[in-house]
Amino acid sequence: MSVPTTAEPDSGQANPRPPAATATESVPARIIRALLTQRIVLLAVLIVLVVAYFSILGAGGYLTASYDFDYLSAALINAVPLAMLGFAQLIVILSGRGGIDLSVGAIVSLAGMIFGFAYGQWGWPLWTAILLTAAVGTVLGLLNGLLVAYIGFPALIATLATYYAYKSLAVVVNNQRPISTKPIQDLYESTAQSVSLPLIGDYIPDVPKGIFLFLLPTVIVVWLLLARTTYGRRVYAIGTNDVAARWSAIDVRATRAGAYALSGLISGLVAVVTVGQFASARPDAGVSGNGMALPAITIAVLGGVAITGGIGRVSGIVLATVLIVWTNAGIRLAFEGNAGPQYQLLALGLLLVFSALLNGFALRRYGGVS
Amino acid sequence: MSTATVHDQPPTSTKRQRILAPPVTGQEIVLLGVIAVLWLVLGFTTPAFMSAGSIQPLLGAVAPIALIGIGMTVVIITGGIDVSVGASIAVCSVIIAKLVLVQAGLGLPVAVITGIVVGGLLGLLNGALIAYGRVHAIIITFGTANLFLWLSLKLFNSSTVNNIPDTLAALGNGSAGRTAGVPNSFLITVVLVALAWVYLRHTAGGRHFYAIGGDQLAAQLAGVKVRQRILIAYLLTGLLVGLASCIVVAQGSNLGQNVGTGKELAVIAAVVIGGTSITGGRGSVLGTVLGALLVQTVASGVTQLGWRSELSDLFVGVAIIIAVGADLIRERARRKR
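Parameters and conventions
Residues numbered from 1 in each chain as written. Chains lettered and ligands numbered in written order. Predicted model: local features only at pLDDT ≥ 70, side-chain atom pairs only at ≥ 80, totals over all residues. Helix = DSSP H or I, 4+ residues; strand = E, 2+ residues; numbered from the N terminus. Buried ≥ 20, exposed ≤ 12 C-beta atoms within 10 Å, placed from the backbone. Contact = placed C-beta atoms within 7 Å. Nonpolar A, V, L, I, M, F, W, Y, C, P; charged D, E, K, R; others polar. Core = buried A, V, L, I, M, F, W, Y, C linked by C-beta atoms within 7 Å. Axes fitted to C-alpha atoms, helices over the stretch in contact; angles between N-to-C directions. Parallel < 35°, antiparallel > 145°, perpendicular 65-115°, else oblique. Left-handed = near helix turned anticlockwise from the far one by under 90°.

Asker: What am I meant to see in the overall build of chain B here?
Answerer: Secondary structure summary: chain B contains twelve helices and two strands in total. Mapped from its N terminus to its C terminus, chain B presents α and β elements in the order α-α-α-α-α-β-β-α-α-α-α-α-α-α. Overall, chain B is about 70 × 50 × 35 Å in size when its C-alpha atoms are taken along their principal axes. Per-residue burial for chain B yields a buried fraction of 53% across its 337 residues. A separation of at least 24 residues holds for 77% of the contacts in chain B among residues at least 6 apart in sequence.

As structure tokens, this is what we get:
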């Protein structure tokens, strides 16, 4: 449990929690309680089921290619942007007051174009270009934060407005043309390619580089930030009850604005990953089709983040991402042509609806999900 | 509720206090002013703007957004939201265009009724999940948006629908779709908006939506059938999506797989620009129509000025910030008084 007693949800007072698991509870009842109230248990079970199901299909020859560990490992490259944006949503949703960030996809597009200019056209060194992109993302996110925390816009409206604005700027800034000069194309090698790990590489499949360069550092930093720093605990506090937080001398506005700035920062880093993955800075990278915000919010909800704020964990986001990525990877092999991506939509929608219904049920039956 | 008797007033108060919001709110007057200024400026700078050939498609494009906006206004007044309307448009449109018009070759009444029934079913699913599953509306509708999108792509079967017969011409952009120079689709919208305006403002049923958005628990204790009302709000949105889809199909002889993409955000933008509070309890359909008109005017103006059409999204974003920001500031001033 990464949620300490200081950040316990206050909903328990109006609606007293049922007593904790007692010795009299039967074993099946305890298993069901664990599945329903501890999201990571449910996600872990689902991941095992999905992998087992597709492995059996693969062994029976029903898939177009084999669903083995090499394939699963290569598919993890799709987890990089998804999980990172999931963290962005986690921080923002945790901060409460209906927190949500619809603009992440548009920030990815716009920051990606800036990265394309800096690295691909102006010839900046890679690290400076990445720093600039991250800074641009932070500023774009901070604008959301100022609107929400200081002026009092509902988060949905503020980020809807900036979604439109950033999306439009990303297209206009280079006249709708993508940037794919030589340095940008070379980036593909350093993000999406799989590498063999030193020492243990012979025993496990090759893993995409982006996992180590971007995802793992983000996971560690976000976990440290949320679970081990004062700022992180303040985010939980304002999300749980912002009046109480203010009476505890927390600067609620600055903390909340910071959450949106962090979301922008992560989106800026995702922009770099996306440019590398596509080997091109595309003006519609983050908003084409369904955009990137929707899957990110889905992952956050699936990972057990309460949309009302104050409840949510890093591990939930990681497991939810892995579940979605491996489900999608299996679906891609199970259907030919366009049917694959279509069934991915179906799977995403069903997962989201059922996890939301499950959250509601667990809240009434057991008093909450952790 | 609409009749405030003198006895209700505190004896010291000399000013008659309102219970209902004024028929036309400040936000709506400002919107009207902004739209008037925009039309005048565009009329002077680009002569083509004030021609019938430019205004008629503009009104035709406002119609579906404003129609769905009626339902979305009711949904948002209850404190909810529906982000699945874009995907619902895709489902209704492809069923109307592909199954009813191209494959079965049926007439206009069947097409319209099919659209409304299908839209209603989709709305009913949303409403049932939200009202009885007691889950946050935004989460559920994000989920059903994916499901509806899958359904529509399945029906499209990886190809656009071509050679749609002009059965729905009465709702389209051609001369058959106009009465006295005004597109029929816009006239239908005006009539339905007027009905919704009266219903929301002057009937008990309509006021229940505001009561739920203001304080759901208080509404329940006051005897409002909260769940049933919420279900009705989403059902209504679905029915209107079905009708709007007929107008969308009538626009041309082809239907692409991306029909409806981004429409949910356009509708929500129109509603919030129109002054409806996203937290519920306050809003009007008149504002929504004006919001839709403003967004479409900006889009049309940007194209006519020869700018990149994507630039209109930037102005829509800025318009949302200004409209909602002004509302927030006024709300703060109201609370101080």
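Additional details are given in the paragraphs that follow.
Asker: Looking at this model, I keep getting lost on the interface of chain A and chain B. Mind explaining?
Answerer: It is common to give the size of an interface as the accessible area that goes away when the parts come together. Between chain A and chain B, the residue contacts involve 33 residues of the former and 36 residues of the latter. Looking at the side of chain A that touches chain B, the elements with two or more residues in it are α8 (155–173), α14 (293–302) and α16 (339–366) of chain A. A per-element tally of the side of chain A that touches chain B places α8(A) first, with twelve residues. Its residues assigned to classes, the side of chain A that touches chain B shows 24 nonpolar, eight polar and one charged.

Asker: Explain the nonpolar core to me, please; I cannot follow it from the model alone.
Answerer: Grouped burial of nonpolar side chains is what soluble globular proteins tend to show. Membership of the largest hydrophobic core comes to 225 residues, with the highest contact counts inside it found for A:M84, A:L160, B:A269 and B:I320. In terms of residue count, helix α9 (residues 226–250) of chain B provides more of this core than any other element does, 17 residues in total. Filtering out sequence-adjacent residues up to four positions away, A:L160 remains in contact with A:L102, B:L265, B:I268, B:A269 and B:I320.

Asker: Explain the packing of helix α5 (residues 79–94) of chain A against α14(A) here, please?
Answerer: The relative placement of two packed helices is expressed as an angle between their axes plus a distance between the axes. Residue and element names in this part refer to chain A. Contact geometry of α5 with α14 gives a least axis separation of 8 Å together with a crossing angle of 65°. In terms of their interaxial angle, α5 and α14 are classed as roughly perpendicular. Where α5 crosses over α14, the handedness of that crossing is right-handed. Touching L82, L85, G86, A88, Q89, L90 and I93 of α5 are P295, A296, I297, I299 and A300, all from α14. In the contact of α5 with α14, the residues fall into ten nonpolar, two polar and no charged.

Purely spatial values, then, with no claim about function.
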